[in-house]
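Secondary and tertiary structure notes
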Amino acid sequence: MTAPTHHNAENDAGSVLRTARWQLPGGRAATGQARRKVHDALRRWGLGPAAGDLTDHLTALVHEFLTRTATRARGPIDLRLELRASARLLLSEIHSLSSGPAERGHQGREDMGGSGVVALTYGRRGSRNGIRYIHSFTWWRPDSVPADR
């Protein structure tokens, strides 16, 4: 019996904590760069086919965060990932770093940016065809990110 030639973090119950952090430009460029950097990191960490689905899901949530912040066109964002493969959990912290003066946001409040946390759980259902699933949980700081515009 031979050992597998690649590390598969999706099936590794004893894997180590993996982290990455990037500072990305604001606006539309952040979404594209986040997609590339997250996907590259997840592939390097051995998530195989799950990397694409997790990247798509997380990138959509980063885009939602940028849409909700008043600084989406001006300042960079800080994006941090943490993979706990044994728990099938991908955590992300997003911080908008404003580079300009405060803007009047929702209900006349000054918005200098915001922060959020995204938790993605993932895996396969126990059926014959092994359907993949991803559940997402997001928390946006209500004191710095407007609820709805």
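Each helix and strand counted, the protein chain has two helices and seven strands in total. Scored against the burial criterion, the 149 residues of the protein chain give a buried share of 40%. A separation threshold of at least 6 residues defines the contact pool for the protein chain, and within that pool the share at least 24 residues apart is 62%.

What follows concerns the environment of T31. For T31, the location among the structural elements is in helix α1 (residues 28-44). Counting along the chain gives 35 residues from T31 to L66, while the straight-line C-alpha distance between them is 8.5 Å. Beyond its immediate sequence surroundings of up to four residues, T31 is in contact with T59, H63 and L66.

On to α1. A turn of α-helix holds 3.6 residues, and therefore any two residues three or four places apart point the same way. The terminal C-alpha atoms of α1 lie 25 Å apart, and with 17 residues this matches the ideal 24 Å at 1.5 Å per residue to within 8%. Those residues of α1 not exposed but buried are A30, T31, A34, V38, A41 and L42. All buried residues of α1 project into a common sector of 110 degrees when viewed along the axis, lining one side. The exposed residues of α1 that point more than 90 degrees off its buried face are R28, R36 and R44. On its buried face, α1 is in contact with β1 (18-24), α2 (50-68), β2 (77-84) and β3 (89-97).

Across all of its chains, the model carries five salt bridges by this definition. Ionic pairing is found between D78 and R21, a salt bridge with its closest N-O pair at 3.0 Å. With a gap of 57 residues between them, D78 in strand β2 and R21 in strand β1 connect regions that are remote in the sequence. Where R80 meets E93, a salt bridge forms, and the shortest distance between an N and an O atom there is 3.5 Å. In this pair, R80 is assigned in strand β2 and E93 in strand β3, connecting sequence segments 13 residues apart.

In this structure R80 comes out as buried when scored by relative accessible area, which is 19%. Those residues in contact with R80 that sit more than four places away from it in its chain are T19, A20, R21, L91, S92 and E93.

In most cases, non-glycine residues show a negative phi, while peptide bonds are predominantly trans. Positive phi is not limited to glycine here, since R88 has a value of about 50 degrees. Mapped onto the fold, R88 is located in the loop between β2 and β3.

Axis separation between α1 and α2 bottoms out at 9 Å; the angle between their running directions is 150 degrees. In terms of orientation, α1 lies roughly antiparallel with respect to α2. As for the relative orientation of α1 and α2, their crossing is right-handed in sense. Of α2, the residues touching α1 (which contributes A30, T31, A34, R35, V38, H39, L42 and R43) are A51, G52, L54, T55, D56, L58, T59, V62, H63 and L66.

Basis of the calculations
Residues numbered from 1 in each chain as written. Predicted model: local features only at pLDDT ≥ 70, side-chain atom pairs only at ≥ 80, totals over all residues. Heavy atoms only, no water. Helix = DSSP H or I, 4+ residues; strand = E, 2+ residues; numbered from the N terminus. Buried < 20%, exposed > 50% of the residue type's maximum accessible area, 1.4 Å probe, protein only. Contact = heavy atoms within 4.5 Å. Expected span 1.5 Å × (residues − 1). Arc of directions from axis to C-beta. Salt bridge = Lys/Arg side-chain N within 4 Å of Asp/Glu carboxyl O. Axes fitted to C-alpha atoms, helices over the stretch in contact; angles between N-to-C directions. Parallel < 35°, antiparallel > 145°, perpendicular 65-115°, else oblique. Left-handed = near helix turned anticlockwise from the far one by under 90°.

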